[in-house]
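Each chain, letter by letter, is given below.
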Amino acid sequence: MGCTVKLVGPDMTAGMELTMALQDTICDLRKAVYDRLAAASAPAESAGASAAPAGAATAPQQQHPKLEQLRVIYQGRFVSDDKPIKELKVEEGGTTCVHIVVRSLESKKPDPKSPCDDKNSTRCLGIQCTIS
C-alpha cells in the first residue's frame, strides 16, 4: 500500500503528490519527482499541436531540473539519499509532506577566509592586533 508524499516548494506545482513504499529511500523519491517533472515538461503530442502555422511563435518549453539538483527537506533539514521514507515518521497508508528545492547548477566559490575568523590569528584585516 505505501504512503502518500505531498511535495511542496517554489518549483513544485500545487497539489503534487506521489505514492511511495515505506522501504523506498529518499533517492527513490527524488527519482520519482524527477520523472514527474520530466513528464510534465515534455511537449504535448496531440493532433492539435501540429495545427499551428509554420513560423508561428510558440511558448518556450520549460526545462525540468536535473536529478542531482533536487534536494529533499523534511522538518527543516536536508534528508540524505540513503534514508528510507519510513524514517520520516509516516505510517502505512499515511501522508507526509516534504519540501523539494532545486539547487543551482552554478558552483559557488567559497568566500575567502578572513584572518579574523581564526581566533588564534594575530592578524586582522592586514593590521596587527592583540587577541586575549
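Scroll up for the structure.
What comes next is a walk through the structure. Everything numeric in this text was worked out from a predicted model, so none of it was measured.

Criteria and thresholds
- Residues numbered from 1 in each chain as written.
- Predicted model: local features only at pLDDT ≥ 70, side-chain atom pairs only at ≥ 80, totals over all residues.
- Heavy atoms only, no water.
- 1 Å grid on protein atoms, 1.4 Å probe; cavity = no way out; pocket = protein on both sides within 12 Å on 5 of 7 lines; lining within 4 Å.
- Points joined across faces, edges and corners; volume = space filled by probe spheres on them.
- Nonpolar A, V, L, I, M, F, W, Y, C, P; charged D, E, K, R; others polar.
- Salt bridge = Lys/Arg side-chain N within 4 Å of Asp/Glu carboxyl O.
- Helix = DSSP H or I, 4+ residues; strand = E, 2+ residues; numbered from the N terminus.
- Buried < 20%, exposed > 50% of the residue type's maximum accessible area, 1.4 Å probe, protein only.

Before going further, it helps to examine the layout of surface pockets. Vacant regions in the atomic arrangement are exposed by a probe of water-molecule size rolled over the atoms. When its volume is computed, the second largest pocket comes out at roughly 160 Å³. If you go around the second largest pocket, the residues you meet are Tyr 74, Gln 75, Arg 77, Phe 78, Val 79, Lys 83, Glu 87 and Lys 89. Residues that form the lining of the second largest pocket fall into these classes: three nonpolar, one polar and four charged.

All told, the structure shown has one salt bridge when counted by the stated rule. The salt bridge involving Asp 81 is made with Arg 30; its shortest N-O contact spans 2.8 Å. Of this pair, Asp 81 sits in the loop between β4 (77–78) and β5 (95–102) while Arg 30 is found in helix α1 (residues 26–41), placing the two residues 51 residues apart along the sequence.

As a further point, take unusual backbone geometry. What is expected of a backbone is that most residues other than glycine have negative phi and most peptide bonds are trans. Look at Gln 75: it is not a glycine, yet its phi comes out positive at around 50°. Tracing the chain through its elements places Gln 75 in the loop between β3 (70–74) and β4. Under the relative-accessibility criterion, Gln 75 is labelled exposed at 61%. Positive phi outside glycine occurs at Lys 89, with the angle close to 60°. Checked against the element boundaries, Lys 89 lands in the loop between β4 and β5.

Coordinates in, geometry out; function isn't part of it.
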